[in-house]
Amino acid sequence: MKNYLFGGILILAFLTACQDADLPKVNGMWQLKTIQEKDHTTQAVDTVYFSFQRQAIFSYTLLNGDTSKPNSTVIIYGYVDFPAENKMHIQLDKNNLNGYHTSRVLWKGEQVTYDILKLNSKELILGQEGTRYHFIKF
């Protein structure tokens, strides 16, 4: 009986280890905390969130504390893929921009590619053209 139990645990561990092992584990919601510019100036941020589901679906959430203004909360959907090791490509869905202009996101245009500088269960650091974006797991 012990052999069957041990064998079952071993097979389960093997199957779990093989799931998407080549993809970074970004799934979940990440809160942007700081942006460090090329000149090393740092800007604190606490109203921007990136969310990832199934290593394929992306959402960008921008919260504005002043609910008296129109469009106080922005949620834009898109897709994420990983074209190379430590690279993340985000493509916004043109059909789901909900009237928002792409100027409401951190980058220019409908797509962006980031370097994944650090990724663990609590912290994500993305880089693009010398700018670093520091996220914490939310």
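Residues numbered from 1 in each chain as written. Predicted model: local features only at pLDDT ≥ 70, side-chain atom pairs only at ≥ 80, totals over all residues. Heavy atoms only, no water.

Looking at the confidence of the model for the protein
Short version of the rule: A residue's pLDDT is the confidence the predictor assigns to it, expressed on a 0 to 100 scale. Here, residues are in contact when the closest pair of their heavy atoms is within 4.5 Å.
When pLDDT is averaged along the protein, the result is 81; 73% of the residues meet or exceed 70. Low pLDDT (under 50) marks residues 4–22, which in the prediction has 2 contacts with non-local residues, meaning those over four places away or in another chain.

Some remarks on the side chain of His89
Put simply, the test is: Helix and strand definitions here come from DSSP, where helices need a minimum of 4 consecutive H or I residues and strands a minimum of 2 consecutive E residues; each element is numbered from the N-terminal end. Polar contacts, as counted here, are pairs of nitrogen or oxygen atoms within 3.5 Å of one another; within protein the pair requires one atom able to donate a hydrogen and one able to accept it, and residues that are adjacent in sequence qualify only if both atoms are side-chain atoms.
Residue position: His89 is located in strand β6 (residues 87–92). A polar contact of 2.9 Å, which involves the side chain of His89, links it to the side chain of Gln111. Excluding residues that lie within four positions of it along the chain, His89 makes contacts with Tyr79, Val80, Asp81, Pro83, Gln111, Val112 and Thr113.

Thoughts on the pattern of salt bridges
For clarity, the cut-off: For salt bridges, the criterion is a side-chain nitrogen of Lys or Arg within 4 Å of an Asp or Glu carboxyl oxygen. Buried means the residue's accessible area, taken with a 1.4 Å probe over protein chains only, is under 20% of the maximum for its type, while exposed means over 50%, and partly exposed covers the values in between.
Overall, the coordinates contain 3 salt bridges when judged by the stated rule. A salt bridge links Lys94 to Glu110; the shortest N-O distance between them is 3.9 Å. Remark: Glu110 occurs in the loop between β6 and β7 (111–119) and Lys94 occurs in the loop between β6 and β7; sequence separation between them is 16 residues. According to the relative accessible area criterion, Lys94 is exposed, its value standing at 58%. Judged by relative accessible area, which is 28%, Glu110 ranks as partly exposed. A salt bridge links Lys118 to Glu123; its shortest N-O distance comes to 2.7 Å. With relative accessibility at 18%, the residue Glu123 sits in the buried group.

Description of the side chain of Asp93
What counts, and what does not: Only four residue types enter the charge count: Lys and Arg as positive, Asp and Glu as negative, with His and the chain ends excluded.
Mapped onto the elements, Asp93 comes out in the loop between β6 and β7. The side chain of Asp93 sits in the buried core without any salt bridge; Lys94 is the nearest counter-charge, 8.6 Å away. In terms of polar contacts, Asp93 uses its side chain to reach the side chain of Tyr79, at 2.9 Å. At a separation of 2.9 Å, a polar atom in the side chain of Asp93 contacts the main-chain amide nitrogen of Asn95. Those residues within four positions of Asp93 in sequence are excluded, and the remaining contacts are Tyr77, Gly78 and Tyr79.

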